Amino acid sequence: MMIHFSQHQLEKFNCLVQKIKDQPEHYLCFDSVSDFYQAKWLDDFPQGTNWYVTGLDDGAEEFYVLIEYKNHYLKIQKTSETIVSLGVYEDADGI
């Protein structure tokens with residue numbers, strides 16, 4: 001049996017993203033940018049995952065997060081409410 005490493009890593013990313021979307025109260029319990037950077041679940045993403053955070057400073061209470069692996073992404077908007085969306089960039093080259 002042959003395992004396609006990139007496909008396995010993409011499945012790992014998608015699985016974690018789905019868990020975050022399904023159980024945001026478990027994963028998204030942070031109040032500032034600084035809290036986000038300390039989230040232990042960030043280490044569970046496959047190597048090669050990138051994340052970007054916008055906010056005025058480490059203590060910002062309203063910020064946006066973009067987590068990407070290959071052409072798949074998770075967006076988190078932390079304002080007065082938390083909005084989570086996930087998807088695939090259609091114009092990207094995939095795996």
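Heads up: the structure comes first, above all this text.
Residues numbered from 1 in each chain as written. Predicted model: local features only at pLDDT ≥ 70, side-chain atom pairs only at ≥ 80, totals over all residues. Heavy atoms only, no water.

**So, the packing of aromatic side chains**
Aromatic rings in a pair are described by how distant their centres are and how their planes are angled relative to each other.
Alright, step 1. Per the stated rule, a full pass over the model turns up seven aromatic pairs.
Alright, step 2. Each ring, one from Y27 and one from W41, has its centre 6.1 Å from the other, and the planes form 80°; the classification is edge-to-face. Of this pair, Y27 sits in helix α2 (residues 24-27) while W41 sits in the loop between α3 (33-37) and β1 (50-54), and the two are 14 residues apart along the sequence. Accessibility assignment for this pair places Y27 and W41 in one class, buried.
Alright, step 3. Between the aromatic rings of W41 and F45, the centroid separation amounts to 6.1 Å while the plane-to-plane angle is 70°, which identifies the pairing as edge-to-face. Each member of the pair, W41 as well as F45, is classed as buried.
Alright, step 4. Grouped by ring-pair contacts, the aromatic residues F13, Y27, F36, Y37, W41, F45 and Y69 constitute a single cluster. (Phe/Tyr/Trp six-rings, centres within 6.5 Å; stacked < 30°, edge-to-face > 60°. Helix = DSSP H or I, 4+ residues; strand = E, 2+ residues; numbered from the N terminus. Buried < 20%, exposed > 50% of the residue type's maximum accessible area, 1.4 Å probe, protein only.)

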